[in-house]
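# Results of the structural survey
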Amino acid sequence: NGRGTAETTCYIDGCTFLYNKCDDNGGAIKAQGSIKFINNKTTIQENTAPFGAGIFIEGYTGSVHLPNASSIKYDLNENLELINNSATSYTHDGVNNPGKGAGIHFCFNDQMTLEDKSSIEVAINGVSITGNTISGEGGLGGGIYFENTSLASHEYTFQINLNYGTISGNSSTSKGGGIYVYKETVEANAVDESILTVRGNTSSFGAGIYIEEGSLEMANGTISQNSITGTGNGGGIYIENGNFTINAGEISGNTVSNGNGGGVYIVGSSGNGNFTMDGKGFINGNSASGNSEDVGFGGGIYVNGGNFTLTQNAEAGQSSTNTATKDGGGVYINGGQFIQK
């Protein structure tokens, strides 16, 4: 974990982590210092833990602060695949603790003991995260869980890039079948025409991506064929007092069978809860249906107390062939607003 120095890196080259288990953090790997996957494919498969069944990545914690500002780098790339890892919720002292990040759990919280003004850099380029699942009550982030709770006082610098790769077929019992972002800023920028693909994930809310008081900016990519299981909202994306910007890319073929917001569901207040479509974005072929009076609205986008902003650069963008069994096949606005700039 690099205690005593700011320059320790673990290199992993062509390894297999299979059927490992722990009762807390990191079924296969727990990393507190810099880590990099190099040269040959490493497979992390069918490991189990409540938090980070595949990998648990935690900003440095310990009883002693590192004496100087440090730089920690996590390099997750084409040399890494996470397959069919499993996280489960558990009960401790009568309190349910939801499973988080069956594939990867990034935890940067107020227990970090890096010196003030340290930097944390996360690069996710080309990772394949498939078939990871969370069971038990309240599961969060079947593929990836990003967590940052209270770090402003430390003046840490964060750079988190989820540039490209495949996040598919993951599931959680509650929120964020593919990705869950909590109080964190994540950028998804295409590199050399490679894109981020979030496809075929399932959960009760935000089957593809769930953003809570955080932000995700997507320069390119595809969020498609994600679906809500049972009753819930946001087949592609669920935004709760957070921000999502799509500068280019596609949100298509996502479904809600008994809820609202087939493509995107936005809930917010006091200026929070923002979806911005800026550039050549496409929201096509999403659907929302339901069997009661208050569901089946907003096939493409459902705005509930937040904002949907369409900028002047979005002439080439489209919202088309979305369907709803009730109102708002393309966009349904309920207590929020549509802004065109």
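Each remark here, short or long, concerns the structure printed above.
Residues numbered from 1 in each chain as written. Predicted model: local features only at pLDDT ≥ 70, side-chain atom pairs only at ≥ 80, totals over all residues. Heavy atoms only, no water.

### Here's the deal with the pairing of strand S21 (residues 209–212)
The two faces of S21 match: Ile209 and Ile211 on one face and Tyr210 and Glu212 on the other face are all buried. Taken together, the four bridges between strand S17 (residues 179–182) and S21 define a ladder with parallel strand orientation. Across the sheet, residue Tyr182 finds its bridge partner in S21, namely Glu212. Pairing of S21 with strand S25 (residues 237–240), which is carried by four bridges, proceeds in the parallel orientation. Bridge pairing in S25 places Ile209 opposite Ile237. (Buried < 20%, exposed > 50% of the residue type's maximum accessible area, 1.4 Å probe, protein only. Helix = DSSP H or I, 4+ residues; strand = E, 2+ residues; numbered from the N terminus. Pairing = 2+ DSSP bridges.)

### As for the sheet that holds S17
The strand order S3-S6-S12-S15-S17-S21-S25-S28-S31-S35 describes an open sheet built from 10 strands, whose pairing is parallel. Edge positions in the open sheet fall to strand S3 (29–31) and strand S35 (331–333), since each of these has one partner strand only. Averaged over neighbouring strand pairs, the angle between their axes works out to 5° when direction is ignored. (Axes fitted to C-alpha atoms, helices over the stretch in contact; angles between N-to-C directions.)

### What about the packing of aromatic side chains?
Tallied over the full model, the rule gives 16 aromatic pairs. Considering the side-chain rings of Tyr74 and Phe108, the 6.2 Å spacing of their centres and the 35° angle between planes classify their relative orientation as tilted. With Tyr74 in strand S7 (residues 71–77) and Phe108 in strand S12 (residues 104–108), this pair connects stretches of sequence that are 34 residues apart. Accessibility assignment for this pair places Tyr74 and Phe108 in one class, buried. Arranged with centres 4.6 Å apart and planes meeting at 10°, the rings of Tyr210 and Tyr238 form a pair that is stacked. Of the two residues, Tyr210 is situated in strand S21 and Tyr238 in strand S25; the sequence distance between them amounts to 28 residues. An aromatic cluster of at least three residues, connected via ring pairs, comprises Tyr145, Tyr180, Phe205, Tyr210, Tyr238, Tyr265, Phe297, Tyr302 and Tyr332. (Phe/Tyr/Trp six-rings, centres within 6.5 Å; stacked < 30°, edge-to-face > 60°.)

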